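This is what each chain is made of:
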Amino acid sequence: MPDAVANATPMAAAPGALALLRPKWQMARNRTRHHQQGDLRRIVVVSTVALGFWSVAFMLALKLLRYFRSAEDIGALLASKLLAMILLSFGSILLLSNTIAALSNFFLSRDLDQLAAAPVGSGALYRARLTETAMHSSWMVALLLVPLVGAYGVAYRGGFDFVFFALAVFVPFLLIPAALGSGVTLLLVNVFPARRTRDLLSVIAAMAVAGLVLLFRAARPEQLARPEGFANFMQFVAALDTPSSPWLPSEWVSEAVVKYLSGKAAWQPLVRLWAVAGVLVGIGHVLYARGWRRAYSMAQEGATKRGTARTQRPLLDRALAFLGPMRRELVLKELRVFSRDSTQWSQLVLLAVLLVVYVANVRYLPLNGSGVTVLLRNLIPFLNLALAGFVLASIAARFVFPSVSLEGRALWLLRSSPLPVRELLWAKFWVGAIPLLFLALVLVGATNLMLKVQPFVHVVSLVSIAALVFPLAGLALGYGTFYPQFDSENAAQIPTSFGGLMFMITAVGLIGAVAYLAGRPAARWIVAEHFGRARDPMEMVVPFAVALAVCAAGTVIPLTLARQRLEQLERA
């Protein structure tokens, strides 16, 4: 016995952050090695779309920056201010997405119960989950930054060394919101007991909206669009030269990039970026070492039952009684699935921020100047129609597209039950379409009231955006049925798949077609009325009819194909 004890192998060392990340890396590598049918087509489509987007964004940014360089006195200031404002928007998005992703990665992931029972150090777990949170939340922003930063390097002839400098600047810029969002999530989970995710995310939403409003008002972008509002040219230059928010990392990145490209010393903002990133990571390390296990234990508790729970459901049942028993229960099921999934609820934060940004942009448009005519005011809503369509498409991608995938392992119940597939799709379609319709009418109606448009323009824009809602919901549900991800742990990652990309491409084409068919004849009518020309109402009948036909086909065809696809799954 003593010999056995003496010859026993020592206890293995606790795994580090790299060991915890290795399974994720192996899963991604195996997924790339084992090709399935259609993978090559997806790679070609995604690569073509990405290269096309990068090329267009790069050329536009390069043309704008070269125009800035032609202005000798204020060119560098304009380039710096443009980069700071773009990074300010990206920084706010990163903070929100990291806060939401940290909730899933640190507290709701399925493998955390095994990691909590394993001999894993708190520091290693924090570094691994922080890396995963930063990568999941920042990859899209990083891809969007590639053509922008490349345009700055080419326009100002930064050389090959600028690539390494840009990496040294943007790595801490992406790390700061990841560390800050993870710390905020830990504090909120410790404050709110159990899985009261609604209360938690309502606080996050309130903080996000308030912070975003403050950040955008601190930037004061409308002043730069109206130089005539300044007393003299030197006051305008001083406003450009003064940082809008000198305490924000976006200003430090902009300062570092512009100074480096101008041949000046850029080490001070670079040191500030890395110092703040290091301090935030260190604080997060201490906070998670002391409070993660308690917060994780609280996050696994059941939600507290409220006293009004018994009265709320019968009231909702009575309100939906006109649907009949089957459709009513399907609608209630969709609502319960949505309310119980924290990753779905968390998307409401992004939705609220998106709407605040959209309405704020319309609210602060310089439409009160002497050069703004009534004609221009009545033509802007048709551009607003396309922009509102893009907002609705992104919301449909977030909420309607994942609805079939969220059935998950419960899909076998649908296969074995006598439930008609069309009833299931009916419930999913209307649960997604009705909120989108309400949101579209409020969004376009509010912006039209701000712009003070004519009644004719108001009616045309409301009818057009209402007609767009149904094909967008139908396309999202159809693509979600053809490209499901039943094994996905996070509903927020489902729209980033190949099917989500194809839906957005199709949605952009649909929005452009409807905006052109409805907006062009209506705009010509407004122009003719403004200049006193002859108007023929019959010129608008054919384009409007074609637009309605496109919307009807975009609704019926995807739902029909989705029904056939689900019926094939039932027979499989």
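For the structure itself, consult the block above.
**Student:** So what about the overall build of the protein? Which residues, and what values?
**Tutor:** Counting its regular elements, the protein contains 21 helices and zero strands. Within the protein, buried positions represent 43% of all 572 residues. Accessible surface computed for the protein: about 30400 Å², of which carbon and sulfur atoms make up 66%.

**Student:** Describe in detail the side chain of Thr 133, supporting the description with residues and values.
**Tutor:** Take Thr 133: it is sitting in helix α6 (residues 122–155). Of the residues examined, Thr 133 reaches a relative accessible area of 0% and is grouped as buried. With residues near it in sequence (within four places) discarded, Thr 133 still touches Asn 98, Ala 101, Ala 102, Asn 105, Phe 106 and Ser 182.

**Student:** Just give me the short version of the pattern of salt bridges, but keep the residues and values in it.
**Tutor:** The final tally for this structure, using the stated rule, is nine salt bridges. Across the pair Glu 255 and Lys 259 runs a salt bridge whose closest N-O atoms are separated by 2.9 Å. Within this pair, Glu 255 and its partner Lys 259 are both found in helix α11 (residues 249–261), separated by four residues, close to a single helical turn. The partner of Glu 329 in a salt bridge is Arg 328, and the shortest N-O contact between them spans 3.5 Å. Several salt bridges converge on common partners, so that one network encompasses Lys 333, Glu 334, Glu 407 and Lys 428.

**Student:** Which residues make up the packing of helix α14 (residues 325–340) against helix α18 (residues 421–451), and what values go with them?
**Tutor:** Where α14 contacts α18, the two axes come as close as 9 Å, and the packing angle between them is 55°. With respect to α18, the axis of α14 lies oblique. The two elements α14 and α18 meet at a crossing, and its hand is right-handed. Residues Met 326, Arg 327, Leu 330, Val 331, Lys 333, Glu 334 and Leu 335 of α14 form the contact with α18, whose own contacting residues are Glu 423, Leu 424, Trp 426, Ala 427, Lys 428 and Val 431. Looking at the contact of α14 with α18 residue by residue, the class counts come to eight nonpolar, no polar and five charged.

**Student:** Explain the packing of aromatic side chains to me, using residue names and the numbers behind them.
**Tutor:** One pass over the structure, following the stated rule, counts 16 aromatic pairs. On the basis of an interplanar angle of 75° and a centroid distance of 5.5 Å, the ring pair of Tyr 483 and Phe 498 is categorised as edge-to-face. In this pair, Tyr 483 is assigned in the loop between α19 (455–482) and α20 (498–531) and Phe 498 in helix α20, connecting sequence segments 15 residues apart. One exposure class covers both Tyr 483 and Phe 498, and it is buried. Ring pairs connect the aromatic residues Phe 106, Phe 107, Tyr 126 and Tyr 288, which therefore count as one cluster.

**Student:** Report on the nonpolar core, specifying residues and quantitative values.
**Tutor:** If you look at the biggest cluster of nonpolar residues, it comprises 51 residues, and the most contacted ones within it are Leu 392, Leu 436, Ile 465, Leu 472 and Phe 503. At the level of secondary structure, the elements contributing two or more residues to this core comprise α14, α15 (342–363), α16 (374–399), α18, α19, α20 and α21 (541–571). When residues of this core are assigned to their parent elements, the largest contribution, eleven residues, is made by α18. Excluding residues within four positions of it along the chain, Leu 436 makes contact with Leu 392, Ile 395, Ala 396, Val 400, Val 469 and Ala 473. If you look at the next biggest cluster of nonpolar residues, it comprises 34 residues, including Leu 83, Val 141, Leu 148 and Ile 176.

**Student:** Hey, could you go over the packing of α6 against helix α7 (residues 161–191) for me, with residue numbers and the actual values?
**Tutor:** Two elements in contact, α6 and α7, have axes whose closest approach is 8 Å; the angle formed by their N-to-C orientations is 140°. Taken together, the axis directions place α6 and α7 in an arrangement best described as oblique. In this structure, α6 crosses over α7, and the sense of that crossing is right-handed. In this structure, α6 contributes Tyr 126, Leu 130, Thr 133, Ala 134, Ser 138, Ala 142, Leu 145, Val 149 and Gly 153 to the contact, and α7 contributes Phe 162, Ala 166, Phe 170, Leu 174, Leu 175, Ala 178, Ala 179 and Ser 182. When the residues that make up the contact of α6 with α7 are grouped by side-chain class, the tally is 13 nonpolar, four polar and no charged.

**Student:** Go over a nonpolar patch on the surface, please, and point to the residues and values.
**Tutor:** A cluster of nonpolar residues, Phe 53, Trp 139, Met 140, Leu 143, Leu 144 and Val 146, forms a patch on the protein surface that exposes about 520 Å² of accessible area. Looking at the nonpolar patch, the element that brings in the most residues is α6, giving five residues. Mapped onto the elements, Leu 144 comes out in helix α6. For Leu 144, a relative accessible area of 31% translates into the label partly exposed.

**Student:** Break down the environment of Val 253 for me, with residues and values.
**Tutor:** Along the chain, the position of Val 253 falls in helix α11. Assessed through its relative accessible area of 0%, Val 253 is described here as buried. Those residues in contact with Val 253, other than ones at most four positions away along the chain, are Leu 87, Val 169, Phe 170, Phe 173 and Leu 273.

Reading guide: rules and limits
Residues numbered from 1 in each chain as written. Predicted model: local features only at pLDDT ≥ 70, side-chain atom pairs only at ≥ 80, totals over all residues. Heavy atoms only, no water. Helix = DSSP H or I, 4+ residues; strand = E, 2+ residues; numbered from the N terminus. Buried < 20%, exposed > 50% of the residue type's maximum accessible area, 1.4 Å probe, protein only. Areas by Shrake-Rupley, 256 points an atom, 1.4 Å probe, with all protein chains shown as cover. Contact = heavy atoms within 4.5 Å. Salt bridge = Lys/Arg side-chain N within 4 Å of Asp/Glu carboxyl O. Axes fitted to C-alpha atoms, helices over the stretch in contact; angles between N-to-C directions. Parallel < 35°, antiparallel > 145°, perpendicular 65-115°, else oblique. Left-handed = near helix turned anticlockwise from the far one by under 90°. Nonpolar A, V, L, I, M, F, W, Y, C, P; charged D, E, K, R; others polar. Phe/Tyr/Trp six-rings, centres within 6.5 Å; stacked < 30°, edge-to-face > 60°. Core = buried A, V, L, I, M, F, W, Y, C linked by side-chain atoms within 4.5 Å. Patch = residues over 30% accessible without salt bridge, like charges linked within 9 Å, V, L, I, M, F, W, Y side chains within 5 Å.

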